[in-house]
Amino acid sequence: MSQSAKHSASRRQLLTHAMAISAASLIGINHRTSANEGDLETTRIRITHAPSICTAPQYLAEELLRMEGFTQIDYLSLGTRYGPYAVAAGRADMTMWDLPGLIPLLDAGRSIVLLAGVHAGCYELFASERIRAISELKGKTVAIQYHNSGDHVFLASMLAYLGINPQRDVNWVAGQRMLDSMNIFADGKADAFMAYGQQGAELRARKVGRVIVNSAQDRPWSQYFCCMIAANRDFVQRNPVATKRFLRAILKSADMCANDPLGVARFLSDKLYEPRFQIGLEVMKSISYTRWREAEPEDSLRFHALRLHEVGMIKTSPQKLIAQSTDWRFLNELRQELKA
């Protein structure tokens, strides 16, 4: 390795550690774990990696996870489609993923359990100049990543909420890769596109389209979680201490994002998760990272599942999904422990 590469790697490691410590001090974090938690059942944790930087807490958490006792932290690069499938299959242990994209897997009975909501505000609905409201999308074309992707399911829930059947009243067009759907919209081949993570900032920089729904600001969407923590069901059953410690690190990291968006944007740029500092900063400032302290994740699952069940996109009732696919006990304990 060259001297410059060594210096860069050393600087990144130092920044990661310094950010974790300084932000922890800023928000009053106590790194000591509860004596009655017991020992870690495993010191290895496998987390899915996706390019959307709204999941910044799971990358910030790396240093905190080491403080929690994990010695091997693996980030699995699985893109924007396969993360939850890897968790369900046991190839990954945990993921921070958008709730709408998880619901079809829960409906299919996959081995996934929801542990907590993290934040709201990932999504922005962009439309062409001639579209002024969601209701005007009836009979129009919408670009999506793939069928049952988070952007597809979230917008389908929005449409159903307004009495539009997403399965028959909208023409969905998907690309082959992550960026294809955004480019389909940017090229004028679709009337709308649900931007996720940094995509909204990218479209604004390109002066493409206009925002007709901002899920961080517009009700009722702003009331509900976008991204949640999902885990492999067997992992949680075998490793309750590791599960709680993982979740503690993620929630502390979400507080970091809320308290120091500038520092987090620098971290994301330095680690090349999002090298465009200004775009990273815009995303960090726009997302409600304190939402985990305030809202009940069960309400978010119920809200979307009810809409999707009504239009036949899922077969399982909302109450059955909640009963079979959620475990809020760790979140409830940590909310008491991490009170501001």
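Our subject is the structure that appears above.
Computed from a prediction, not measured in an experiment: that's the story for all the values here. (Residues numbered from 1 in each chain as written. Predicted model: local features only at pLDDT ≥ 70, side-chain atom pairs only at ≥ 80, totals over all residues. Heavy atoms only, no water.)

(A) Layout of the overall build of the protein. Helix and strand content of the protein: 15 helices and 10 strands. Counting only residues that meet the buried cut, the protein has 59% of its 340 residues in that class. Residue pairs at least 24 apart in sequence account for 80% of intrachain contacts in the protein once pairs closer than 6 positions are excluded. Carbon together with sulfur atoms contributes 47% to the accessible area of the protein, which is approximately 14,300 Å² in total. (Helix = DSSP H or I, 4+ residues; strand = E, 2+ residues; numbered from the N terminus. Buried < 20%, exposed > 50% of the residue type's maximum accessible area, 1.4 Å probe, protein only. Contact = heavy atoms within 4.5 Å. Areas by Shrake-Rupley, 256 points an atom, 1.4 Å probe, with all protein chains shown as cover.)

(B) Local environment of empty space enclosed by the protein. Tallying each qualifying case throughout the model produces three cavities of 30 Å³ or more. Empty space within the second largest cavity amounts to approximately 50 Å³. Here the lining of the second largest cavity is built from residues that sort into eight nonpolar, three polar and no charged. (1 Å grid on protein atoms, 1.4 Å probe; cavity = no way out; pocket = protein on both sides within 12 Å on 5 of 7 lines; lining within 4 Å. Points joined across faces, edges and corners; volume = space filled by probe spheres on them. Nonpolar A, V, L, I, M, F, W, Y, C, P; charged D, E, K, R; others polar.)

(C) Region of interest: unusual backbone geometry. Pro220 follows Arg219 through a cis peptide bond whose omega is 5°. Note on placement: Pro220 falls in the loop between strand 9 (210-214) and strand 10 (227-232). Positioned with a positive phi, Lys207 is a non-glycine residue whose angle comes to about 55°. One can find Lys207 in the loop between helix 7 (199-205) and strand 9. Despite not being glycine, Leu272 has its phi angle at roughly 65°, a positive value. Following the sequence through the fold, Leu272 ends up in the loop between helix 10 (261-270) and helix 11 (277-286). On the basis of relative accessible area, Leu272 is assigned to the exposed category, the value being 61%.

(D) Expanded view of the packing of helix 2 (residues 56-67) against helix 10. At a closest axis distance of 11 Å, the pairing of helix 2 and helix 10 adopts a crossing angle of 85°. Relative to helix 10, the element helix 2 is oriented roughly perpendicular. From helix 2, Ala56, Tyr59 and Leu60 reach across to helix 10, where they touch Val264, Phe267 and Leu268. In the contact of helix 2 with helix 10, the residues fall into six nonpolar, no polar and no charged. (Axes fitted to C-alpha atoms, helices over the stretch in contact; angles between N-to-C directions. Parallel < 35°, antiparallel > 145°, perpendicular 65-115°, else oblique.)

(E) Seen up close, the packing of aromatic side chains. Going through the model one piece at a time under the given rule, you end up with 10 aromatic pairs. A centroid spacing of 5.3 Å and a plane angle of 75° characterise the contact between Tyr161 and Trp221, whose relative ring orientation is edge-to-face. Of this pair, Tyr161 sits in helix 5 (residues 150-161) while Trp221 sits in the loop between strand 9 and strand 10, and the two are 60 residues apart along the sequence. Classification of Tyr161 by relative accessible area gives partly exposed; the value is 41%. Consider the rings of Trp221 and Phe303, whose centres lie 6.1 Å apart with planes at 70°: the pair is edge-to-face. (Phe/Tyr/Trp six-rings, centres within 6.5 Å; stacked < 30°, edge-to-face > 60°.)

(F) Fine view of helix 15 (residues 329-337). Within the span of helix 15, buried status applies to Phe330, Leu331, Leu334 and Arg335. In an axial view of helix 15, the angular spread of the buried residues amounts to 135°, which keeps them on one side of the axis. In this structure, the buried side of helix 15 is in contact with strand 4 (112-119), helix 8 (233-238), helix 9 (240-259), helix 12 (291-294) and helix 13 (297-310). (Arc of directions from axis to C-beta.)

(G) Spotlight on the pattern of salt bridges. Under the defined criterion, the tally for this structure stands at 20 salt bridges. Across the pair Arg210 and Glu129 runs a salt bridge whose closest N-O atoms are separated by 3.8 Å. With Arg210 in strand 9 and Glu129 in the loop between strand 5 (123-127) and strand 6 (141-144), the pair connects residues that are 81 residues apart, well separated along the chain. Arg276 serves as the salt-bridge partner of Glu274, at 2.8 Å between the closest nitrogen and oxygen. The class for Glu274 is buried, based on a relative accessible area of 2%. Within this structure, Glu68, Arg248 and Glu337 form a network of salt bridges that share partners. (Salt bridge = Lys/Arg side-chain N within 4 Å of Asp/Glu carboxyl O.)

(H) Here's a closer look at the environment of Asp191. Relative to the helices and strands, Asp191 is located in the loop between helix 6 (178-186) and strand 8 (192-196). C-alpha of Asp191 to C-alpha of Ile131: the two residues are 60 residues apart in sequence and 7.5 Å apart in space. Setting aside residues up to four positions removed in sequence, Asp191 forms contacts with Phe126, Ala127, Ser128, Arg130, Ile131, Lys140, Thr141 and Phe185. At a separation of 2.4 Å, a polar atom in the side chain of Asp191 contacts the side chain of Arg130. (Polar contact = N/O pair within 3.5 Å; in protein donor to acceptor, adjacent residues only side chain to side chain.)

(I) Structural view of the packing of helix 13 against helix 14 (residues 318-325). Axis separation between helix 13 and helix 14 bottoms out at 8 Å; the angle between their running directions is 135°. Considering the angle they form, helix 13 stands oblique to helix 14. As for the relative orientation of helix 13 and helix 14, their crossing is right-handed in sense. For the pair formed by helix 13 and helix 14, the contact residues are Glu298, Leu301, Arg302, Ala305, Leu306 and His309 on the first element and Pro318, Gln319, Leu321 and Ile322 on the second. The residue makeup of the contact of helix 13 with helix 14, split by class, is six nonpolar, two polar and two charged. (Left-handed = near helix turned anticlockwise from the far one by under 90°.)

(J) Molecular detail of the environment of Arg293. For Arg293, the location among the structural elements is in helix 12. Classification of Arg293 by relative accessible area gives partly exposed; the value is 29%. Along the chain, Arg293 and Lys339 lie 46 residues apart, while their C-alpha atoms are 8.3 Å from each other. At a separation of 2.6 Å, a polar atom in the side chain of Arg293 contacts the side chain of Asp255. Within the structure, the side chain of Arg293 is placed 2.6 Å from the backbone oxygen of Leu338, a separation counted as a polar contact.

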